[in-house]
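Each chain, letter by letter, is given below.
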Amino acid sequence: MIEQVADVEPGVKLRYGMVGGGQGSFIGDVHRKSIALDGLAEIAAGCFSRSVENTLKTGAALGLSNERLYKDFEEMAREEAKRPDKIDFVVITAQNYAHYETAKAFLSRGIPVVCEKPLCFEVSEAEELAALAKQNNLLFCVTYVYTGNATAKQAREIVRRGEIGKIIYINGEYPQEWLLAPAEKQGSKQAEWRTDPKQAGKSNSIGDIGTHVENMISYVTGLKIKSLLARLDKLGPGDRVLDDNATVLLEYDNGAKGVIWTSQVAAGYDNGMRLRIFGTKGSIELNVESSNYLKLAIFGGANAQISRGRDPFYPHAQSYSRIPSGHPEGYFEAMANLYKTYIKALVKQKEGKPLTDEDLDFPNVEDGIAGVKFIGKCVESSAKGAVWVNF
Ligand SMILES: NC(=O)c1ccc[n+]([C@@H]2O[C@H](COP(=O)([O-])OP(=O)(O)OC[C@H]3O[C@@H](n4cnc5c(N)ncnc54)[C@H](O)[C@@H]3O)[C@@H](O)[C@H]2O)c1
């Protein structure tokens, strides 16, 4: 069935800057390509690396002039804030350790922020960033990318409309295999920093991937964690300081129970984030490796595999589906969906128009705070011998 129509946004072209995302890095380029998908913003400035040489090379490859390339993020925030053609928002794609200081530098100069997860190391820092954003009336997005999938939005609508009843149990998992090798000692920069507490923070597997599961559960169900019990393990090779596998038991504010398992040492799994949500009337299953489909089971009824683009979605979720069924949408589209919503909200805000809940359907600084808290509580529980801790 071919029913999609082109979605062109005439007249909108914001300018953005990027911190991180230099040549040889991973996620910065994903952000640039995802933003380009809708053409609502173009890159105008950057401090792409700790190495000035890399920043200059990356900037040249992106067609930026040298005057918009900066040796560090402080200089970038200071100089950009002074310009009449300053950036409309900044995208922070550096490693975890740099998020707090960088976000603070831009927010305090009135520049809206999009930041990678986890937002920062400490809850107090995350709250400070939230306060700064609020004080300066700045929209803040934390890129929990998977909530951008149309199927995640449809799952949320299904739960909100009570179709699977009251949520009673949640099973979330995120297995990967890549750290079954000592990748951090084999030249993988991405593995080096993720296993280094100075750059990654208190946890590796919970901080890097568990936080995605926590956020997706919160997005789809709207439930808040009441308490948790976590065991963080080091099951991979060598003498790692941080966890590469973790098991978390959860209790939610409505009485629902849950479990989250994250692993970077699970042979056979690439990026297997899967969420199963069980209610009194039915269940939902989301799997990011097949994110064009959603499983819906109604107790006593038929099990359905719902196909994005083919089967009817509720209107809000449908508006995030871009191409016909059978033409898979994935990571880039999910990220592009976050940006499309965020940039349109920035434009609406500039025009002085009120923002609705639908306008603000992107992960925000409150989600960032919840993520940092989740990581901290998992580490605390595990360090105390895997005991229940209140959230
Ligand atoms: N949302 C997702 O799905 C997702 C996926 C991957 C990574 N991430 C997050 O993105 C971030 C980066 O991860 P990555 O794998 O791309 O890392 P990476 O090591 O590949 O890239 C990080 C880049 O940031 C640069 N950088 C570091 N400090 C800087 C500073 N002070 N100023 C300017 N540039 C600086 C590095 O030089 C490098 O170019 C992490 O916070 C990670 O958790 C999120």
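Details of the structure are given in the entry above.
Figured I'd write up the structure that's included with this text. Only a predicted model underlies this, so the values are computations on that prediction, with no experimental measurement involved.

**What about the packing of aromatic side chains?**
Working step 1: Across all of its chains, the model carries six aromatic pairs by this definition.
Working step 2: Ring geometry for Tyr146 and Tyr331: centres 5.9 Å apart, planes at 45°, overall tilted. Of this pair, Tyr146 sits in the loop between strand E5 (140-142) and helix H6 (150-160) while Tyr331 sits in helix H11 (residues 331-350), placing them 185 residues apart in sequence.
Working step 3: We classify Tyr146 as buried; its relative accessible area is 7%.
Working step 4: Aromatic side chains Tyr342 and Phe362 sit 5.2 Å apart centroid to centroid with 85° between the ring planes, which places their arrangement in the edge-to-face category. One end of the pair, Tyr342, is in helix H11; the other, Phe362, is in the loop between H11 and helix H12 (365-383), with 20 residues separating them in the sequence.
Working step 5: Residue Tyr342 is classed as buried on the basis of its relative accessible area, which comes to 0%.
Working step 6: The exposure class assigned to Phe362 is buried, which follows from its relative accessible area of 7%.
Working step 7: Taken together, the ring pairs in this structure connect Tyr16, Phe89, Tyr339, Tyr342 and Phe362 into an aromatic cluster.
Working step 8: Cation over ring: Lys153 sits above Tyr320, and NZ or CZ is 4.4 Å from the ring centre.
Working step 9: Looking at Arg161, its charged tip hangs above the ring of Tyr314, at a distance of 3.6 Å from the centre.

**Section: the sheet that holds strand E9 (residues 257-263)**
Working step 1: Overall, mixed pairing links the nine strands, which are arranged E13-E12-E11-E10-E6-E9-E8-E7-E14 in an open sheet. Edge strands, defined here as strands with exactly one partner in the open sheet, are strand E13 (303-307) and strand E14 (388-390). With direction set aside, neighbouring strand axes in the sheet form an average angle of 15°.
Working step 2: As defined by bridge partners, strand E12 (residues 293-298) adjoins E13 across five bridges and the pair is classed as antiparallel. Opposite Lys295, over in E13, you have Gln305 as the bridge partner.
Working step 3: Where helix H9 (residues 205-221) meets the sheet, its contacts fall on strand E6 (167-175), strand E7 (225-233), strand E8 (245-252), E9, strand E10 (274-279) and strand E11 (282-287), and the angle it forms with E9 comes to roughly 145°.

**Considering the sheet that holds strand E4 (residues 113-115)**
Working step 1: Here we have five strands laid out as an open sheet, ordered E2-E1-E3-E4-E5, and parallel in their pairing. The open sheet has two free edges, formed respectively by strand E2 (41-47) and E5, since each of these has just one partner strand. The mean angle between the axes of side-by-side strands here comes to 20°, regardless of whether they run parallel or antiparallel.
Working step 2: The pairing of strand E1 (residues 14-19) with strand E3 (residues 89-92) spans four bridges and is classified as parallel. If you follow Tyr16 over to E3, its bridge partner there is Phe89.
Working step 3: Sitting on the sheet, helix H3 (residues 73-82) is in contact with E1, E2 and E3, with an inclination near 130° to E2.

Scoring rules and cut-offs
- Residues numbered from 1 in each chain as written.
- Predicted model: local features only at pLDDT ≥ 70, side-chain atom pairs only at ≥ 80, totals over all residues.
- Heavy atoms only, no water.
- Phe/Tyr/Trp six-rings, centres within 6.5 Å; stacked < 30°, edge-to-face > 60°.
- Helix = DSSP H or I, 4+ residues; strand = E, 2+ residues; numbered from the N terminus.
- Buried < 20%, exposed > 50% of the residue type's maximum accessible area, 1.4 Å probe, protein only.
- Lys NZ or Arg CZ within 6 Å of the ring centre and 35° of its normal.
- Pairing = 2+ DSSP bridges.
- Axes fitted to C-alpha atoms, helices over the stretch in contact; angles between N-to-C directions.
- Contact = heavy atoms within 4.5 Å.

Any functional reading would require information beyond the geometric quantities listed.
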